[in-house]
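If you want the building blocks of each chain, they are given just below.
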Amino acid sequence: MDPSTPWRNLGFIGLRLADLVIRYAATLAVTEALLAGAMAGTAAMTARDMLGIAAFVGLPSVVICFLFSLFSTRTGAAFRGPLAGLLLLPLWFLLFFPPLLPVLLLGQLLFALCVVRAPLLGPPRIRPLARRLLDTARGRRPGRA
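Cut-offs and rules
- Residues numbered from 1 in each chain as written.
- Predicted model: local features only at pLDDT ≥ 70, side-chain atom pairs only at ≥ 80, totals over all residues.
- Heavy atoms only, no water.
- Helix = DSSP H or I, 4+ residues; strand = E, 2+ residues; numbered from the N terminus.
- Buried < 20%, exposed > 50% of the residue type's maximum accessible area, 1.4 Å probe, protein only.
- Contact = heavy atoms within 4.5 Å.
- Areas by Shrake-Rupley, 256 points an atom, 1.4 Å probe, with all protein chains shown as cover.
- pLDDT = per-residue confidence, 0-100.
- Patch = residues over 30% accessible without salt bridge, like charges linked within 9 Å, V, L, I, M, F, W, Y side chains within 5 Å.
- Salt bridge = Lys/Arg side-chain N within 4 Å of Asp/Glu carboxyl O.
- 1 Å grid on protein atoms, 1.4 Å probe; cavity = no way out; pocket = protein on both sides within 12 Å on 5 of 7 lines; lining within 4 Å.
- Points joined across faces, edges and corners; volume = space filled by probe spheres on them.
- Nonpolar A, V, L, I, M, F, W, Y, C, P; charged D, E, K, R; others polar.
- Phe/Tyr/Trp six-rings, centres within 6.5 Å; stacked < 30°, edge-to-face > 60°.
- Arc of directions from axis to C-beta.
- Polar contact = N/O pair within 3.5 Å; in protein donor to acceptor, adjacent residues only side chain to side chain.
- Axes fitted to C-alpha atoms, helices over the stretch in contact; angles between N-to-C directions.
- Parallel < 35°, antiparallel > 145°, perpendicular 65-115°, else oblique.
- Left-handed = near helix turned anticlockwise from the far one by under 90°.

**Here's the deal with the overall build of the protein chain**
The secondary structure content of the protein chain amounts to five helices and zero strands. In sequence order, the protein chain lays out its α and β elements as α-α-α-α-α. Expressed as a percentage of its 145 residues, the buried residues of the protein chain come to 30%. Considering only contacts within the protein chain whose residues lie at least 6 apart along the sequence, 68% involve residues at least 24 apart. For the protein chain, the exposed surface amounts to about 9000 Å²; the carbon and sulfur share of it is 73%.

**Some details on the confidence of the model for the protein chain**
Across the protein chain, pLDDT averages 78, with 77% of residues at or above 70. Mean pLDDT values over the elements of the protein chain span from 67, in helix H5 (residues 126-137), up to 89, in helix H3 (residues 77-86).

**Things to note about a nonpolar patch on the surface**
On the surface, a cluster of nonpolar side chains totalling about 320 Å² of accessible area is made up of Val-63, Leu-67 and Phe-71. Assignment of secondary structure puts Phe-71 in helix H2 (residues 47-71).

**Notes on empty space enclosed by the protein**
In the structure shown here, the tally under the stated rule is one cavity of 30 Å³ or more. Computed from the structure, the largest cavity encloses a volume of approximately 40 Å³. Lining the largest cavity are Tyr-24, Thr-27, Leu-28, Thr-31, Val-57, Leu-104, Gly-107 and Gln-108. Among the elements of the structure, helix H1 (6-39) and helix H4 (101-115) are those that each provide at least two residues to the lining of the largest cavity. The biggest single contributor to the lining of the largest cavity is H1, with four residues. Residues belonging to the lining of the largest cavity are distributed by class as follows: four nonpolar, four polar and no charged.

**Considerations on the packing of aromatic side chains**
Enumeration over the complete set of coordinates arrives at four aromatic pairs. Between Trp-92 and Phe-93, the aromatic rings sit 6.3 Å apart at their centres with planes inclined by 80 degrees, giving edge-to-face as the arrangement. Judged by relative accessible area, which is 17%, Phe-93 ranks as buried. By the ring-pair criterion, three or more aromatic residues cluster together here, those being Phe-56, Trp-92 and Phe-93.

**Focus on H3**
Among the residues of H3, those classed as buried are Phe-79, Arg-80, Leu-83 and Ala-84. For H3, the arc enclosing every buried residue in end-on projection is 120 degrees, short of the 170-degree limit, so these residues lie on one face.

**Structural notes on the side chain of Ser-69**
By the element assignment, Ser-69 lies in helix H2. In terms of polar contacts, Ser-69 uses its side chain to reach the backbone carbonyl oxygen of Cys-65, at 2.7 Å.

**Some details on the packing of H3 against H4**
Contact geometry for H3 and H4: axes closest at 9 Å, N-to-C directions at 165 degrees. Looking at the two axes, H3 sits roughly antiparallel to H4. You can see that H3 and H4 cross each other, and the crossing is right-handed. Contact residues: Arg-80, Leu-83 and Ala-84 in H3; Leu-109, Ala-112, Leu-113, Cys-114 and Val-115 in H4.

**Observations regarding the environment of Asp-49**
Checked against the element boundaries, Asp-49 lands in helix H2. Taking the relative accessible area as the measure of exposure, Asp-49 reaches 39% and is therefore partly exposed.

Okay, structure coming up:
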């Protein structure tokens, strides 16, 4: 991130937040579909139950992931391991609903270990290249404001 262009940085962070929300929503939808399939024999899950899970698990998970990704400078397993541990925090209330816990636990771990972009702002070596390409597309000389 370039401290001399704060508005451009906010736009970049906003796009990454949207990317994070879309990735998490897709992962949560797959997890809830698997959960509904697993619960089909015992008690059917309603849309209201799924929205409740999304509110109590999904929203805190996105906030935790966004803040951790925004302030973390680590990559790879050093990033994904602690994030996986942090994403287990929103599952605490599922201890009272044991049949739901294993599937949602696997969904959180799948998201943290495989789906999330690590770190949120991407590798630092890509940013200068993207900036040069953007300047070239705008008709400016690369590296000039």
